Amino acid sequence: MAQTNLTAAGWEGPLDTGIWTDAGEFVVNNVGGILAGFGEFVQTGKGKDVLIGETSDGPGLEILGTLETNQGDDYVYAQTFKGVALDNFGIFSTGKGGDFIDAVVVSDAKNNIAFNNAGTFDAGKGQDEVKATVLIDGNRGGNSGIVNSDSFSTGADADAVTALVQVNGNSNNNSGVANSGDFDLGNGSDSLYTTVAVAGKGSSNTALANAGTVETAAGADEIFAEVATLTNGNANTAIDNAQEINLGAGADTATGAVVIGGNGQSNFGINNSGQLLAGNGVNRLNGTVNIQGNGSNNIGFLNSGDIVGGAGKDYIYGDAMVMGFGNGNVGLLNFNTITTDGGKDFVHGQVFGNGVGLQNTGLIQTGAKADTVLGDNLGDGVGLNNSGVIELGGGNDQIIGLSQDIFKGFDGFGLIDLGKGDDALFGFGAQTVEGGAGTDSAFFDFALDGMVSLGSSAANQIDITAGRATMSLTNVEQFTFSNGFYTLGELTDLAAA
C-alpha cells in the first residue's frame, strides 16, 4: 500500500483523504506509513491530532519537509518491522500542549532505529513525552532507540524522554540514545531514561552515547542510563560523554549503571572524556558497575575530561561491585580534573572486590565549604590511591581512606592539601599530606607502639611508618591513635628521642 501524503491543506492516502481543521484529525495508514515530503509545509489544526503510520519495512512516519501539529495534546505513532520507525530530515514540531511521540521497532533484523532525527525536532511547550522503543527477537545488534545528529528539543515544562532497546538474545553495539547534535530537554523538571537490556551476552553496548551537547537547563532534572545483560558482558558503558553534558540550574541527577548477570570485563558506569557540568543546585553524578560473577578492570566512574560542579552541594559517586574474583576494579578513577566549587561537596569512590575505591592521578579540587573526599574499599585493598593532587580548599573538610586492611586506607605518591579550616584525615597509608591553615587532625585505627616508626626531617613535619607504609604529614597538629592522643610536638619529640 502507498504512503499517506501530508500537505498544507490536509492529507491524501490510499484509504482516505481529509483537510485540517481545529476539531482534531485522525490520520492512519497502518500498511504504507505517512510522509511529509520535500517542500511541504504541513500545519495541523489546534485540536488533538492523531497520526498513526505503520510499515513492514521503512519509516512509519517520514518527514522531509515541515510537520507542525500545532496546539493541542497531539499523539504521533510510528512503527516498523525493519529499519527506522520515525525518520525526520526536515522540521518536526508538536507545538503547545501535552504531546506524545511514540516510535516503535519490532524486528528480528539488526541495525534498527526507533527515532532518527537528522533535522529539527521541537516538542514545544507543555508536558511532552517522547518514547522510542526497539524490541528485537534473536541475536541481532546495532540497534538504537534515538539517534540525533541535529537539533532535538522538548521545550519548556516537565518533559519525559524514554529510549529502550530490548534484545531477546545475545547482542552487541546497541545504544539507547546516540547524540552527535544538540539534545536539549529545556526548562522544567525533565527526565531522560535510556536503557539497553540484553537477555543473554552483551558487549560494547551504550545507553547514552554523547558526542554532541546534552542540556537539561533549569529545573530538577534526571538522566538515568542503564545497560543490563542477563549473562556475561564486556566493554559496556551506561553514559559515554565525549563532548558536553550540562545539567543546568536546579537539583539534578545523572546516573549511569551497568548491571552484568554473569562475568564482566572493562565495563563503565560513566565514562567522561569531555565536559560534565553539574550547574548550580544540589547535584548528583552517579556511576555504578555491578558484576554478579567474576570481573576485572570495571570502573564505576571514569573521568579523563573535566567535571565542574556549581554553587551547591555536589555529590560525585563511583561504585564498582564485583561479587566474584577479579582485579583492577575501581569505583571512581580520575585522570584529569574534578572541581566542585561552592557547597558542601562529597566525592566518593567505592569498590567491592580486588581494586581501589577512589584513584586519582589528576586534580580533585573542592570549594570553600565543608567538603568530604572518601575512598572506600569494602575488601582488603586500597581505599584511596592518590598519585595526583587533592586540594580541599576552605572549610572544615574531611578526607577518608577506608579498607579492611588498616594500613591500606591510602596509597600513592601524590599530595593531599587540606587547605584552610579545621580539617580531618581518617585512615593510614603511603601519602604526603599538607595541613595548611587551621587546626588539622589525623585519626588512625592502630596503636602507637613499638611496631610504629617516627621520623621528622623538617619543622612541623612528621613521618609515620606502619605496616610497610609511610605517611608524611606537615602542619597537621593533632593525632589520634587507637591507644591515645598526641600533638604534633609530642610526636616530633618522640621521633627525636
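Structural data are supplied above this passage.
Read on for a plain summary of the structure. Because the structure is a prediction, the values reported are computed rather than measured.

**Some thoughts on the overall build of the protein chain**
Now for step 1: Along its length, the protein chain carries one helix and 58 strands.
Now for step 2: Dimensions of the protein chain along its principal axes, counting C-alpha atoms only, are 100 × 40 × 25 Å.
Now for step 3: Relative to its 497 residues, the protein chain shows a buried fraction of 56%.
Now for step 4: Considering only contacts in the protein chain between residues 6 or more positions apart, those separated by 24 or more positions represent 74%.
Now for step 5: Element-wise, carbon and sulfur atoms account for 50% of the exposed surface of the protein chain, whose accessible area totals about 17800 Å².

**Concerning the pairing of strand E4 (residues 26–29)**
Now for step 1: Of the two faces of E4, only the one carrying Val27 and Asn29 is buried; Phe26 and Val28 on the other face are not.
Now for step 2: Pairing between E4 and strand E7 (residues 50–55): four bridges, direction parallel. Paired with Phe26 across the two strands is Val50, which belongs to E7.

**Some thoughts on the environment of Val289**
Now for step 1: Summarising the element assignment, Val289 is placed in strand E35 (residues 283–291).
Now for step 2: Looking at Val289, the relative accessible area reads 2%, which means it is buried.
Now for step 3: Separated by 64 residues in sequence, Val289 and Gly353 have C-alpha atoms that sit 12 Å apart.
Now for step 4: Setting aside residues up to four positions removed in sequence, Val289 forms contacts with Val258, Asn267, Phe268, Gly269, Asn298, Ile299, Gly300, Asp319, Ala320 and Met321.

**Things to note about unusual backbone geometry**
Now for step 1: Phi at Ser204 is positive, roughly 55°, even though this residue is not glycine.
Now for step 2: As for its placement among the helices and strands, Ser204 is situated in the loop between strand E24 (202–203) and strand E25 (206–210).
Now for step 3: Even without glycine at this site, Arg468 takes up a positive phi of about 70°.

**Comments concerning the packing of aromatic side chains**
Now for step 1: What the rule picks out here adds up to 21 aromatic pairs.
Now for step 2: A centroid spacing of 6.4 Å and a plane angle of 90° characterise the contact between Tyr193 and Phe224, whose relative ring orientation is edge-to-face. Of this pair, Tyr193 sits in strand E23 (residues 191–198) while Phe224 sits in strand E27 (residues 222–229), placing them 31 residues apart in sequence.
Now for step 3: Look at Tyr193 and you get partly exposed, because its relative accessible area is 35%.

**As for the nonpolar core**
Across soluble globular proteins, nonpolar side chains show a tendency to be buried alongside one another.
Now for step 1: Counting 94 residues, the largest nonpolar core has Phe115, Ile399, Phe444, Ile464 and Phe479 as its most contacted members.
Now for step 2: Residues within four places of Phe479 in sequence aside, it is in contact with Ala442, Phe444, Ile462, Ile464, Leu473, Gly484, Phe485, Tyr486, Thr487, Leu488 and Leu491.
Now for step 3: Listed in part, the five residues of the second largest apolar core include Ile299, Leu302, Val330 and Leu333.

**Points about the sheet that holds strand E28 (residues 233–234)**
Now for step 1: Read across the sheet, five strands follow the order E20-E24-E28-E32-E36 without closing on themselves; strand pairing throughout is parallel. The sheet terminates laterally at strand E20 (171–172) and strand E36 (295–296), the two strands that pair on one side only.
Now for step 2: As judged from the two bridges shared by strand E32 (residues 264–265) and E36, these two strands associate in the parallel manner. Bridge pairing in E36 places Gln265 opposite Ser296.

**Structural notes on a positive patch on the surface**
Now for step 1: A surface patch of like charges, here positive, comprises Arg284, Lys313, Lys344 and Lys369.
Now for step 2: Here Lys344 is to be found in the loop between strand E41 (337–339) and strand E42 (346–352).

**Regarding the environment of Thr44**
Now for step 1: Following the sequence through the fold, Thr44 ends up in the loop between strand E6 (41–43) and E7.
Now for step 2: In the structure, Thr44 is positioned 89 residues away from Thr133 in sequence and 26 Å away in space, judged by C-alpha atoms.
Now for step 3: If near-sequence neighbours (up to four positions away) are discounted, Thr44 is found in contact with Trp20, Asp49, Glu68, Thr69 and Asn70.
Now for step 4: A polar side-chain atom of Thr44 sits 2.7 Å from a polar atom in the side chain of Asp49.

Calculation criteria
- Residues numbered from 1 in each chain as written.
- Predicted model: local features only at pLDDT ≥ 70, side-chain atom pairs only at ≥ 80, totals over all residues.
- Heavy atoms only, no water.
- Helix = DSSP H or I, 4+ residues; strand = E, 2+ residues; numbered from the N terminus.
- Buried < 20%, exposed > 50% of the residue type's maximum accessible area, 1.4 Å probe, protein only.
- Contact = heavy atoms within 4.5 Å.
- Areas by Shrake-Rupley, 256 points an atom, 1.4 Å probe, with all protein chains shown as cover.
- Pairing = 2+ DSSP bridges.
- Phe/Tyr/Trp six-rings, centres within 6.5 Å; stacked < 30°, edge-to-face > 60°.
- Core = buried A, V, L, I, M, F, W, Y, C linked by side-chain atoms within 4.5 Å.
- Patch = residues over 30% accessible without salt bridge, like charges linked within 9 Å, V, L, I, M, F, W, Y side chains within 5 Å.
- Salt bridge = Lys/Arg side-chain N within 4 Å of Asp/Glu carboxyl O.
- Lys, Arg positive; Asp, Glu negative; His and termini not counted.
- Charge placed at Lys NZ, Arg CZ, Asp CG, Glu CD.
- Polar contact = N/O pair within 3.5 Å; in protein donor to acceptor, adjacent residues only side chain to side chain.

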